[in-house]
Amino acid sequence: DPKRYYFMESTAYDNLHNLPGNFIESERESADSDLAFEIEVLNRRPEKLDNSYYSALSVRKHVYDKMYEYEWDESKRIHVHKRIDYNPTVALEMSMDFNAKFTCCVVAQEAGHEIRFIDNLFVKKSDSTLVEQIANDFVAKYSTHIKKTVYLYGDSSGKKGDPGRKHNHFEMVTAILLKNGWTVVNRVQDSYPSHRVRYQVINAILKEDKAHLPHIRINEQACKSLLISLRHTPIIGDNFEKDKRSELNLNLDQQYATHFSDAFDYIIFKKYSRIVKLDGGRSGGLRFRKAA
């Protein structure tokens, strides 16, 4: 209710007189990374790298922060909130990235000419497996979703599975979703082209200079980890290869590494590559080869 409340952003230093004398330095020492400290304590919005893999990404254009509207409930005598960027009667789309110590997914939904990224989920540890845990987390979070159909995208390595297990990662996820009443449509691609081709396709869409291509919109609040991942994914040299060394950095919280950017790539490329014309007039969906 902007007529009653004023909103202002600040940093921990603006609240210094209410904090213990060593609070900020303690937070700096205990933070998972410098990036986490700058975002969560100093409230700095992460800027896109000069050599960003997502060169056409624009916070002003592609990111939105209005996800709720507030209405006065006369019976409760309070303002109640309602999610406005998500439609429970429309199918969901989920793209996954699997790693031994970190598994994540992005959740998206079509809204007219837009593809909206409305959520990101991740798991670092679990009593079962990371794959089963993230599937159960999704089921719990979207238990009230009305149209229980999910289009499943993701890392083709998830089709291989782990030694000693009867089912691969996608089969495990699918089994949990089916058990909880979801209809699963498998959209996992067997292989992906080089990072260079993916770079061309995704940035062609992000530019929004072709009327037939969709508009990508990302929820600033619900997809914080995805946004940080996208804005801090660099390229290596002049060949447009995605620099994935952040996934090997033990000092970096892996929710800010390139895992989420990969999940983003899988869904965007699979859904739209064949309607993107690259240099020479060929489609971005052609000339596949195995790539990491």
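These remarks concern the structure in this document. (Residues numbered from 1 in each chain as written. Predicted model: local features only at pLDDT ≥ 70, side-chain atom pairs only at ≥ 80, totals over all residues. Heavy atoms only, no water.)

1. Side note on the nonpolar core
In step 1: Residues F117, I216, I218, L226, F264 and I268 are the most contacted members of the largest nonpolar core, which totals 38 residues.
In step 2: Among the elements of the structure, β5 (103-111), β6 (114-123), α6 (195-207), β9 (215-219), α7 (224-231) and α8 (259-272) are those that each provide at least two residues to this core.
In step 3: With eight residues, α8 is the largest single contributor of residues to this core.
In step 4: Setting aside residues no more than four positions away along its own chain, I216 makes contact with H62, I115, F117, I205, L206, E208, F264 and I268.
In step 5: In this structure, Y64, C105, I176 and L177 belong to the second largest nonpolar core, which totals 27 residues. (Core = buried A, V, L, I, M, F, W, Y, C linked by side-chain atoms within 4.5 Å. Buried < 20%, exposed > 50% of the residue type's maximum accessible area, 1.4 Å probe, protein only. Helix = DSSP H or I, 4+ residues; strand = E, 2+ residues; numbered from the N terminus. Contact = heavy atoms within 4.5 Å.)

2. A closer look at the packing of α6 against α8
For any two helices packed against each other, the geometry comes down to the angle between their axes and how far apart the axes lie.
In step 1: Running from N to C, α6 and α8 cross one another at 75°; their axes reach a closest spacing of 10 Å. With respect to each other, α6 and α8 are oriented roughly perpendicular. Counting all contacts with α6, which are made through V197, R198, V201, I202 and I205, the residues of α8 involved are F264, D265, Y266, I268, F269 and Y272.
In step 2: Grouping the constituent residues of the contact of α6 with α8 by class yields nine nonpolar, no polar and two charged. (Axes fitted to C-alpha atoms, helices over the stretch in contact; angles between N-to-C directions. Parallel < 35°, antiparallel > 145°, perpendicular 65-115°, else oblique. Nonpolar A, V, L, I, M, F, W, Y, C, P; charged D, E, K, R; others polar.)

3. Re the pairing of strand β7 (residues 149-154)
In step 1: With five of six residues buried, β7 is to be regarded as a mostly interior element.
In step 2: Two elements, strand β4 (residues 92-97) and β7, share five bridges in a ladder whose sense is parallel. Paired with L92 across the strands is V150, a residue of β7.
In step 3: Bridge analysis of β7 against strand β8 (residues 183-186) gives four bridges, and the strand direction is parallel. Each residue of the ladder has a partner; that of L152, found in β8, is N186. (Pairing = 2+ DSSP bridges.)

4. What about the packing of aromatic side chains?
In step 1: Under the criterion given, the structure shown has 14 aromatic pairs.
In step 2: Aromatic pair F98 and F170: ring centres 5.0 Å apart, planes at 85°, arrangement edge-to-face. Of the two residues, F98 sits in the loop between β4 and β5 while F170 sits in helix α5 (residues 169-179), which places them 72 residues apart along the sequence. Across the pair, exposure class does not vary: F98 and F170 are buried alike.
In step 3: By the ring-pair criterion, three or more aromatic residues cluster together here, those being Y53, Y54, F117, Y199, F240 and F264. (Phe/Tyr/Trp six-rings, centres within 6.5 Å; stacked < 30°, edge-to-face > 60°.)

5. Concerning the pattern of salt bridges
In step 1: Here the structure, examined in full by the defined rule, presents 17 salt bridges.
In step 2: Among the ionic pairs, E40 bridges to K224, the shortest N-O distance being 3.5 Å. In this pair, E40 sits in helix α2 (residues 34-40) while K224 sits in helix α7, placing the two residues 184 residues apart along the sequence.
In step 3: A salt bridge links R116 to E114, with the nearest nitrogen and oxygen atoms 2.8 Å apart. (Salt bridge = Lys/Arg side-chain N within 4 Å of Asp/Glu carboxyl O.)

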